[in-house]
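A look at the structure
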Protein chains: 2
Amino acid sequence: MEEKIRKQYEARAKIAKAMAHPSRLLMLDLLQKQEMCVGELTEQVGADQSTVSKHLAILKEVGLVDVRKAGALSYYRVTCGCLDGFFSCMETVLLSDLKGRQKSLK
Amino acid sequence: MEEKIRKQYEARAKIAKAMAHPSRLLMLDLLQKQEMCVGELTEQVGADQSTVSKHLAILKEVGLVDVRKAGALSYYRVTCGCLDGFFSCMETVLLSDLKGRQKSLK
DNA sequence: TGGCTATATGGCCATATTACCAAGTATCAA
DNA sequence: TTGATACTTGGTAATATGGCCATATAGCCA
């Protein structure tokens, strides 16, 4: 039964890991607002197209995004509506961390 | 100004990266309920004590946890109250991903 | 079919992570 | 002071990640 719990944390960690890259966070942010194809994302991210494609594969692998193929185009979009919670929590951590550091400097 | 935005995503990614490990997620989960010293955490995590100590350093570095030293003991605790949001969102993603996969199997 | 566009994949290299052991620092207690 | 306990840090080996280039693969249109 211990095993089961470990697997649960591993599954969660996979999701966190998928988000643990600036380009992927940017993509999630963009894709949350509207679906986009790889070319558009590549332009926004400013990396090689193959790199963006691989990032998307990682996000898709853990179920954070989904694809819709329209001819030669692949439109990606975010699947869950709870990402804002993620982002705002990160912001909170960043802010409180900043405050903490300032305090410890006094 | 582009630069500034990129830095913002990098800062966020750092936090996500800090959470992107099963042991660290477990530790965050435990530390959210109550503060614990390294020895107790080591027992719970089941890794080398030095490994746990390094994981804690990573969490502390990004401001997710804080330490209180009491003699020879170091008591760690979670600093922000928004981790439940994180975890429940992860759960949502895991669930919806599961459903999605089941559907695509039909 | 043949050529063009849009994505995905494989290969390769540089770098980052993670884990453990060993050695160092710090506190407490005798 | 010595020894024991609680952590932290440095070293190192194995593995994972991230990026680009080159190369598929797939759809579209002439």
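Please refer to the structure placed before this passage.
Residues numbered from 1 in each chain as written. Chains lettered and ligands numbered in written order. Predicted model: local features only at pLDDT ≥ 70, side-chain atom pairs only at ≥ 80, totals over all residues. Heavy atoms only, no water.

**Section: the sheet that holds strand β3 (residues 73-78) of chain B**
Residue and element names in this part refer to chain B.
- Here we have 3 strands laid out as an open sheet, ordered β1-β3-β2, and antiparallel in their pairing. Two strands in the sheet have a free side with no partner beyond their single neighbour: β1 (36-37) and β2 (65-70).
- Judged from the 6 bridges that link them, β2 and β3 form a sheet pairing that is antiparallel. Residue pairing for β3: Lys69 is matched across the bridge by Ser74. (Pairing = 2+ DSSP bridges. Helix = DSSP H or I, 4+ residues; strand = E, 2+ residues; numbered from the N terminus.)

**Thoughts on the protein's contact with DNA strand D**
- The environment of DNA strand D is made up of 22 residues, and the closest members are His55(A), Gly39(B), Gln49(B), Ser53(B) and Lys54(B).
- For DNA strand D, the backbone makes up 64% of the atoms found within 4 Å of the protein, where backbone means sugar plus phosphate.
- One of the backbone nitrogen or oxygen atoms of Asp48(A) is found 3.0 Å away from a phosphate oxygen of DNA strand D.
- Within the backbone of Gly39(B), one N or O atom sits 2.8 Å away from a phosphate oxygen of DNA strand D.
- Put simply, the parts of the chain that give the surface near DNA strand D at least two residues each are α4 (49-61) of chain A together with α3 (38-45), α4 (49-61) and β3 of chain B.
- For the surface near DNA strand D, the residue count by class is 7 nonpolar, 10 polar and 5 charged. (Near = heavy atom within 4 Å. Polar contact = N/O pair within 3.5 Å; in protein donor to acceptor, adjacent residues only side chain to side chain. Nonpolar A, V, L, I, M, F, W, Y, C, P; charged D, E, K, R; others polar.)

**Structural notes on the relation of the copies chain B and chain A**
- The transform that puts chain B on chain A rotates by 180° and translates by 0.0 Å along the axis, for an RMSD of 0.1 Å. Taken together, these values place the two copies in the relation of a two-fold axis.
- Both copies present the same face, since 100% of the interface residues in chain B are matched by interface residues at the equivalent positions in chain A. (Least-squares fit on C-alpha atoms with pLDDT ≥ 70 in both. Contact = heavy atoms within 4.5 Å.)

**Side note on the protein's contact with DNA strand C**
- The environment of DNA strand C is made up of 21 residues, and the closest members are Ser50(A), Lys54(A), Tyr76(A), Thr51(B) and His55(B).
- Taken together, the sugar and phosphate atoms account for 62% of what DNA strand C places within 4 Å of the protein.
- One of the side-chain N or O atoms of Lys54(A) is found 2.6 Å from a base oxygen in DNA strand C.
- Contact between DNA strand C and Ala72(A): a sugar or linking oxygen at 3.5 Å from a main-chain N or O atom of the residue.
- Among the secondary structure elements, those contributing two or more residues to the surface near DNA strand C are α3 (38-45), α4 and β3 (73-78) of chain A together with α4 of chain B.
- Residue composition of the surface near DNA strand C, by class: 6 nonpolar, 10 polar and 5 charged.

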